[in-house]
Amino acid sequence: MEWGQVFPLAPAALKTGWLTALFGGMLVLWVGLFFFVTHMIQGAASARIAVSGGVLSAKGGFYGRDIPLADVDAAGAHRLDLGQAGPKGLMWRTNGVGLPGLAAGWYRLTGGEKALVFVTDKARAVYVPTRLGYALLASPADPDGFLNALRRAADDAAKNAGAPRTSDAPAT
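An account of the accompanying structure is given in this report. Since the structure is predicted, the reported quantities are computational estimates derived from the model, not experimental observations.

### A word on a nonpolar patch on the surface
- A contiguous nonpolar surface patch, about 1,100 Å² in accessible area, is contributed by Leu14, Trp18, Leu19, Leu22, Phe23, Met26, Trp30, Leu33, Phe36, Val37 and Phe62.
- Relative to the elements of secondary structure, Phe36 occurs in helix H1 (residues 17-45).
- By relative accessible area, which is 42% here, Phe36 ends up partly exposed.

### Some words on the pairing of strand S9 (residues 135-138)
- The two faces of S9 match: Ala135 and Leu137 on one face and Leu136 and Ala138 on the other face are all buried.
- Two strands pair when backbone bridges link them, and strand S7 (residues 114-119) and S9 are joined in this way by four bridges, in the parallel orientation. Across the sheet, the residue bridging to Val117 is Leu137, located in S9.
- Note: strand S8 (residues 125-129) against S9, four bridges, orientation antiparallel. Counterpart to Val128 in the pairing with S9 is Leu136.

### Let's talk about the sheet that holds S8
- Overall, mixed pairing links the six strands, which are arranged S4-S8-S9-S7-S6-S5 in an open sheet. At either margin of the open sheet sits one strand with a lone partner, and together these are strand S4 (78-80) and strand S5 (90-99). Within this sheet the neighbouring strands show an average axis-to-axis angle of 25°, counted without direction.

### Observations regarding the sheet that holds strand S1 (residues 48-52)
- Taking strand neighbours across the sheet as the criterion, the three strands line up as S1-S2-S3 in an open arrangement whose pairing is antiparallel. Among the strands making up the open sheet, the edge pair consists of S1 and strand S3 (63-68). Averaged over all adjacent pairs, the angle separating strand axes in this sheet is 10°, with direction ignored.
- Across five bridges, S1 lies against strand S2 (residues 55-60) in antiparallel orientation. Across the sheet, residue Val51 finds its bridge partner in S2, namely Leu56.
- Here helix H2 (residues 143-161) sits on the sheet and contacts S1 and S2; the angle it forms with S1, its principal contact strand, is near 35°.

### Quick look at the side chain of Thr130
- Looking at where Thr130 falls in the secondary structure, it is placed in the loop between S8 and S9.
- Within the local environment of Thr130, its side chain forms a polar contact with the backbone nitrogen of Leu132, the two atoms lying 3.2 Å apart.
- Not counting chain neighbours up to four residues away, the residues in contact with Thr130 comprise Ile67, Asp71, Val72, Asp73 and Ala135.

### Concerning the nonpolar core
- Counting 26 residues, the largest nonpolar core has Leu56, Val72, Phe118, Val128, Leu136, Phe146 and Leu150 as its most contacted members.
- Within the residue set of this core, elements represented by two or more residues are H1, S2, S3, strand S6 (102-109), S7, S8, S9 and H2.
- Of the residues forming this core, the biggest block, five residues, is contributed by H2.
- Apart from the residues within four sequence positions on either side, Leu150 is in contact with Val51, Leu56, Leu69, Val72, Ala74, Ala77 and Val128.

### Remarks on H1
- A rise of 1.5 Å per residue sets the reference length of H1, with its 29 residues, at 42 Å; its end C-alpha atoms lie 42 Å apart and thus fit the reference within 8%.
- Among the residues of H1, Met40, Gly43 and Ala44 are the ones counted as buried.
- Here the buried face of H1 lies against S2, S3, S5 and S6.

What counts as what
- Residues numbered from 1 in each chain as written.
- Predicted model: local features only at pLDDT ≥ 70, side-chain atom pairs only at ≥ 80, totals over all residues.
- Heavy atoms only, no water.
- Patch = residues over 30% accessible without salt bridge, like charges linked within 9 Å, V, L, I, M, F, W, Y side chains within 5 Å.
- Areas by Shrake-Rupley, 256 points an atom, 1.4 Å probe, with all protein chains shown as cover.
- Salt bridge = Lys/Arg side-chain N within 4 Å of Asp/Glu carboxyl O.
- Helix = DSSP H or I, 4+ residues; strand = E, 2+ residues; numbered from the N terminus.
- Buried < 20%, exposed > 50% of the residue type's maximum accessible area, 1.4 Å probe, protein only.
- Pairing = 2+ DSSP bridges.
- Axes fitted to C-alpha atoms, helices over the stretch in contact; angles between N-to-C directions.
- Contact = heavy atoms within 4.5 Å.
- Polar contact = N/O pair within 3.5 Å; in protein donor to acceptor, adjacent residues only side chain to side chain.
- Core = buried A, V, L, I, M, F, W, Y, C linked by side-chain atoms within 4.5 Å.
- Expected span 1.5 Å × (residues − 1).

Spelled out as structure tokens, the structure:
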């Protein structure tokens, strides 16, 4: 088919540049949000807790703290099973990630206590109270080994500072 003489349309009164900018901006925001959430979840899922140099470190993603052992109540630290109802369950997530099999960030516990949480296995949770207005709740691969290392490090830090030893306190 031959077109013959072709006449272009008159320019539209509606300008579409703003629409292109709007969709481009939305695309940039969605891609940025995707990478932000991905980084946050991966960081929280690969959280680390360590006891060394007189400090208890708990870090993962955007959340974490270095807690001096002098501010940790090692004698009050104990295992929890968050799968069972109890006085230290997770109640409200105030700032963090909450997915099936992953809780990380700042939470309120049953009873209103504030806690920094890194839990991937509810049956292996460890509760560590501090003197800083919050507790640490984590699920190390070896909860008993973590508690023993925490108590030994706290004892060593107390010996160096001349404070009473945590191993003298009754076990919980």
